[in-house]
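# Close look at the chain arrangement
Next come the chains, spelled out residue by residue.
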Amino acid sequence: MLSWRQGLGCATIGCVCAVADLSVHTSWVNNSDFVRAVVDNGAHGVLAFLCWAVATGLQCNDDIIHSILCGVLSCAVDVDHFLAAGSLNLKHSPFVQGHHSMPQR
């Protein structure tokens, strides 16, 4: 059974997913490859942080540190886009070239 804190955390996760999904369809995000990448990467980090926080229940300081680490590592996962492109240039990333599930401009 979920505690009220875990239930609130799950609801927050759902809201973050909805806001992130809606934000990628707005013109201020879609007009810039950089902003799209930051919004996508930030959503990954926030969701990973929240998921780990809900799973652990944030019972001690270590749980908070682990949740933050989970969020940071989740952001690092997007490095694969640049490794696949063989370049740190955002324009060369498969994320920008349409090999990602995110809508294109």
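First things first, this report covers the structure right here in the doc. (Residues numbered from 1 in each chain as written. Predicted model: local features only at pLDDT ≥ 70, side-chain atom pairs only at ≥ 80, totals over all residues. Heavy atoms only, no water.)

## Digging into the overall build of the chain
When helices and strands are tallied, the chain shows 6 helices and 0 strands. Counting from the amino terminus, helix and strand elements in the chain follow one another as α-α-α-α-α-α. A fraction of 51% describes how many contacts in the chain between residues 6 or more apart in sequence connect residues 24 or more apart. As displayed, the chain has an accessible area near 6600 Å², and 69% of this comes from carbon and sulfur atoms. (Helix = DSSP H or I, 4+ residues; strand = E, 2+ residues; numbered from the N terminus. Contact = heavy atoms within 4.5 Å. Areas by Shrake-Rupley, 256 points an atom, 1.4 Å probe, with all protein chains shown as cover.)

## Regarding the packing of helix 1 (residues 4-23) against helix 3 (residues 33-56)
Put simply, helix 1 and helix 3 touch, their axes get as near as 9 Å, and they point 170° apart. Here helix 3 runs roughly antiparallel to helix 1, going by the angle between their axes. Of the residues in helix 3, those in contact with Gln-6, Gly-9, Cys-10, Thr-12, Ile-13, Val-16, Cys-17, Ala-20 and Ser-23 of helix 1 are Val-39, Ala-43, Val-46, Leu-47, Leu-50, Cys-51, Val-54 and Ala-55. Tallied by class, the residues present in the contact of helix 1 with helix 3 amount to 13 nonpolar, 4 polar and no charged. (Axes fitted to C-alpha atoms, helices over the stretch in contact; angles between N-to-C directions. Parallel < 35°, antiparallel > 145°, perpendicular 65-115°, else oblique. Nonpolar A, V, L, I, M, F, W, Y, C, P; charged D, E, K, R; others polar.)

## A closer look at the side chain of Asp-63
Residue position: Asp-63 is located in helix 4 (residues 61-76). Buried and without a salt bridge, Asp-63 has Arg-5 as its closest oppositely charged side chain, separated by 7.6 Å. Discounting residues that sit within four places of it in the chain, Asp-63 has contacts with Trp-52, Thr-56 and Leu-58. (Buried < 20%, exposed > 50% of the residue type's maximum accessible area, 1.4 Å probe, protein only. Lys, Arg positive; Asp, Glu negative; His and termini not counted. Salt bridge = Lys/Arg side-chain N within 4 Å of Asp/Glu carboxyl O.)

## Quick word on the nonpolar core
With 5 residues, the main nonpolar core is built from Ile-13, Val-16, Leu-47, Leu-50 and Val-54. Tallying contributions element by element places helix 3 first for this core, with 3 residues. Contacts of Ile-13, omitting those with residues within four sequence positions, involve Leu-47, Leu-50, Cys-51 and Val-54. (Core = buried A, V, L, I, M, F, W, Y, C linked by side-chain atoms within 4.5 Å.)

## Quick look at the packing of helix 3 against helix 4
At a closest axis distance of 7 Å, the pairing of helix 3 and helix 4 adopts a crossing angle of 150°. Considering the angle they form, helix 3 stands roughly antiparallel to helix 4. Once helix 3 is placed against helix 4, the crossing between them reads as right-handed. Between helix 3, through Asn-41, His-44, Gly-45, Ala-48, Phe-49, Trp-52, Ala-53 and Thr-56, and helix 4, the contact on the second element is made entirely by Asp-63, Ile-64, His-66, Ser-67, Ile-68, Cys-70, Gly-71, Ser-74 and Cys-75. (Left-handed = near helix turned anticlockwise from the far one by under 90°.)

## Considerations on a nonpolar patch on the surface
Side chains of Ile-64, Ile-68 and Val-72 sit close together on the surface and give an oily, nonpolar patch of about 250 Å² of accessible area. Its place among the elements puts Ile-64 in helix 4. We classify Ile-64 as partly exposed; its relative accessible area is 37%. (Patch = residues over 30% accessible without salt bridge, like charges linked within 9 Å, V, L, I, M, F, W, Y side chains within 5 Å.)

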